[in-house]
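Given next are the chains, with one letter for each unit.
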Amino acid sequence: MDAASRSNALMAEIGSLIDTVESGGGVMRFPDTLPLRLEGGGQLVGLEVAYKTYGTLNEDRSNAVLVCHALTGDQYVASPHPTTGKPGWWTQLIGPGRPLDPSRYFIICTNVIGGCMGSTGPSSINPATGQPWGLTFPVITIGDMVRAQVMLMDQMGIASLFAVVGGSMGGMQALQWATEYPERVFSAICIASAPRHTAQNIAFNEVGRQAIMADPDWRGGDYARLGTRPEKGLAVARMAAHITYLSEPALQRKFGRELKKDDVSWGFDADFQIESYLRHQGASFVDRFDANSYLYITRALDYFDLAASHGGVLGEAFRKARNVRFCVLSFTSDWLYPTTESRDIVRALNAAGARASFVEIESDKGHDAFLLHEPIMEAALGGFLSSAAKARGLEP
Amino acid sequence: MSGGREDFREILRLVRPGTRVLDIGCGEGVLLEMMAQEKNIDGRGLEISPSGVAACLTRGLAVVQGDADRDLADFPTQAFDYAVLSQTLQAVREPRRVLEELLRIAERAVVSFPNFGHWRVRWALLAGGRMPMTGSLPTPWYETQNIHLCTVGDFVDLCDELGVEIEAAGAMAEGQPVREINPRSFMENLRAESAIFLLSRRTRTDGSTPEDRRPAKRASNDLFE
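Residues numbered from 1 in each chain as written. Chains lettered and ligands numbered in written order. Predicted model: local features only at pLDDT ≥ 70, side-chain atom pairs only at ≥ 80, totals over all residues.

Novice: Explain the packing of helix 6 (residues 231-245) of chain A against helix 8 (residues 273-285) of chain A to me, and be specific about the residues and the numbers.
Specialist: All names here are of chain A. Between helix 6 and helix 8, the shortest axis-to-axis distance is 8 Å and the interhelical angle comes to 130 degrees. On the basis of the axis angle, helix 6 is oblique to helix 8. For the pair helix 6 and helix 8, the crossing hand works out as right-handed. Contacts between helix 6 and helix 8 involve Leu234, Ala235, Val236, Arg238, Met239 and His242 from the first element and Leu278, Gln281, Gly282, Ala283 and Phe285 from the second. A per-class count over the contact of helix 6 with helix 8 returns seven nonpolar, three polar and one charged. (Axes fitted to C-alpha atoms, helices over the stretch in contact; angles between N-to-C directions. Helix = DSSP H or I, 4+ residues; strand = E, 2+ residues; numbered from the N terminus. Parallel < 35°, antiparallel > 145°, perpendicular 65-115°, else oblique. Left-handed = near helix turned anticlockwise from the far one by under 90°. Contact = placed C-beta atoms within 7 Å. Nonpolar A, V, L, I, M, F, W, Y, C, P; charged D, E, K, R; others polar.)

Novice: Explain helix 6 of chain A to me, and be specific about the residues and the numbers.
Specialist: Residues and elements named next belong to chain A. Its 15 residues give helix 6 an end-to-end C-alpha distance of 21 Å, which sits within 8% of 21 Å, the value for a rise of 1.5 Å per residue. Buried residues of helix 6: Gly233, Leu234, Ala235, Val236, Ala237, Arg238, Met239, Ala241, Thr244 and Tyr245, and no others. Contact partners of the buried residues in helix 6: helix 4 (199-214), helix 8 and helix 9 (291-303). (Expected span 1.5 Å × (residues − 1). Buried ≥ 20, exposed ≤ 12 C-beta atoms within 10 Å, placed from the backbone.)

Novice: Please provide a residue-by-residue account of the domain arrangement of chain A, values included.
Specialist: Interface extent is often summarised as the accessible area lost during association of the parts. Residues and elements named next belong to chain A. You can read the domains of chain A as domain 1 (3-196 + 305-392) and domain 2 (197-303). Facing 35 residues of domain 1, the contacting portion of domain 2 comprises 28 residues. Contributions of two or more residues to the side of domain 1 that touches domain 2 are made by helix 1 (3-17), strand 8 (131-132) and helix 2 (142-156). Its residues assigned to classes, the side of domain 1 that touches domain 2 shows 16 nonpolar, 15 polar and four charged. (Domains from an automatic or database assignment.)

Novice: Explain the pairing of strand 5 (residues 106-114) of chain B to me, and be specific about the residues and the numbers.
Specialist: All names here are of chain B. Most of strand 5 is tucked away: nine of the nine residues are buried. Here strand 4 (residues 80-86) runs beside strand 5; their pairing, made up of six bridges, is parallel. Looking at strand 5, one finds that Val84 is bridged to Val110. Between the parallel pair strand 4 and strand 5, the chain is carried across by helix 5 (residues 95-105), and the sense of this crossover is right-handed. (Pairing = 2+ DSSP bridges. Right-handed = clockwise from strand over helix to strand, strands pointing away.)

Novice: Outline the pairing of strand 11 (residues 325-331) of chain A, listing residues and values.
Specialist: Residue and element names in this part refer to chain A. Of all seven residues in strand 11, seven are buried; the element is thus mostly enclosed. Of the two faces of strand 11, the one carrying Arg325, Cys327, Leu329 and Phe331 and the one carrying Phe326, Val328 and Ser330 are both buried. Looking at chain direction, strand 10 (residues 187-191) and strand 11 are connected through five bridges and run parallel. If you follow Cys190 over to strand 11, its bridge partner there is Val328. Both strand 11 and strand 12 (residues 355-361) contribute to a ladder of seven bridges, which runs parallel.

Novice: Please set out the nonpolar core residue by residue, giving values where relevant.
Specialist: Within the largest apolar cluster, 183 residues are counted, with the highest numbers of intra-cluster contacts made by Val65, Leu161, Val164 and Ala188 of chain A together with Ala83 of chain B. For this core, the element with the highest residue contribution is helix 12 (residues 375-392) of chain A, accounting for eight residues. Each of domain 1 (3-196 + 305-392) and domain 2 (197-303) of chain A accounts for three or more of the residues forming this core. Val65 of chain A has contacts with Leu100, Tyr105, Phe106, Ile107, Leu161, Phe162, Ala163 and Val165 of chain A, leaving out every residue within four places of it along the chain. (Core = buried A, V, L, I, M, F, W, Y, C linked by C-beta atoms within 7 Å.)

Novice: Could you give an account of the interface of chain A and chain B, naming the residues involved and the relevant values?
Specialist: Listed per partner, the contact involves 22 residues of chain A and 16 residues of chain B. Examining the composition of the side of chain A that touches chain B, we find that eight residues originate from one element, helix 12 of chain A, more than from any other. A class-by-class count of the residues in the side of chain A that touches chain B yields 12 nonpolar, five polar and five charged.

This is the structure we're talking about:
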């Protein structure tokens, strides 16, 4: 048993010991009469949205918080992951006494459409053919993801969300909610995110997609039907992307030029600790993620441009959202979605006269800082949420 | 470098109820919260320290992290009725540009700063030959963040140069009520330990005067009563 699988086994054990605060969840299947209209044209019939909930919806249905996940996240925000057994990806924020306390809020987290954890995506069965969608699945957008969430909120009888919260791609969903459905959003929290994908963002995504598509087992996207798995391509995609989630100082501190063995192998084994770490990241990722989902979701990210549908002026996008309370957070060492991106959002919010708050948090942990224990982030989130809750008349 | 209570009480008194106020260098949001509670203002803040912003969020305030030199440019023109800069002007890199920005962003600016023309300051230099340490300048020279100290006279000169109208001025001293002053008086430049100014732009491109710009709906007109 090597270090990686030992740590996996340990995490699984810890995961099963953690008391989850989960209060419900499942898969909502929408009747064929309620298809999801898609931004790129067409619609998805028989839509399924997988979700988890924490806490209970209060009588006047005013305490609902929607948590939106990032590219490779899922609805297991505070529940052990069914495949890896690891604790939920935002467990440190959700729980008694934490910023998102289930005794105060009804917290919902959905798997985005296009995903692979139960919501309709390219690995789902196309009802028209009885076969996995594969590349016949329509290209989806952040707007489509949000519209599917809106449909779920409608089914749950939630007319207005107390808060929409998300980091990275989740932050984009929060912005999309606030700009498209301002009357249904009381507050929006956007962490380590951006109002659009830059050329560099698209470039890194393209590397990932090309790695997947170069894997012979990808089979033109039809691997599910043909019984193969493009694991190598997906692993490489993850390895490249994972570097963008970290920072140079953090990598240097954690790995430096440390070798795995006493000496180099004079070959192409994983000599350096960082190589072995990345290989492990890639290898474990393929156990829980679908290659085609990775293509579709990165595409949705690349297509995201909040200003585009508002004449190219970001401030215009927020014009209708003036009554939404916004909280924007960024991290100093995040070079995937750097602070300048968050400042663009804040400048546009100010131009629109919206209620904007913004903090740039000092951290050397890179983009992934939003998933880690960051005291200033937690203090800012907790403070923002509890004061907004007071304004909304929610009991502490 | 937060302003004393006299400072806050005076700003609170100057600001008309129900207006939009930007507090630059708002710290932990004490003044913004007072203005929101007592004057029902719609407030925003700009604060340089992340922990300060986090404290503001806990108070339910809308505050953006940033610094006066760099980030005022992000605020749209004439978005506020008041821009407040309390005991911060002397610590910015470009006071002249910041002052111009205040009056671009807001109809009026409330600016307070320690007066380097105060007799104690002059005395410390004249008699002791040392940089002064007084109630409003408590930090030794090697630790102070004050890089652009000025006197009341200097500030008045800058306002004249920028075409800024001084609507009112007051002298402040620790533990004493604010006293309205003639900011052009030689004696007041000696007597004021710290000063507070209510400013507006003298002329605008549309040729309107400050009087024209005064919103009609506001009943109270008493600035220094």
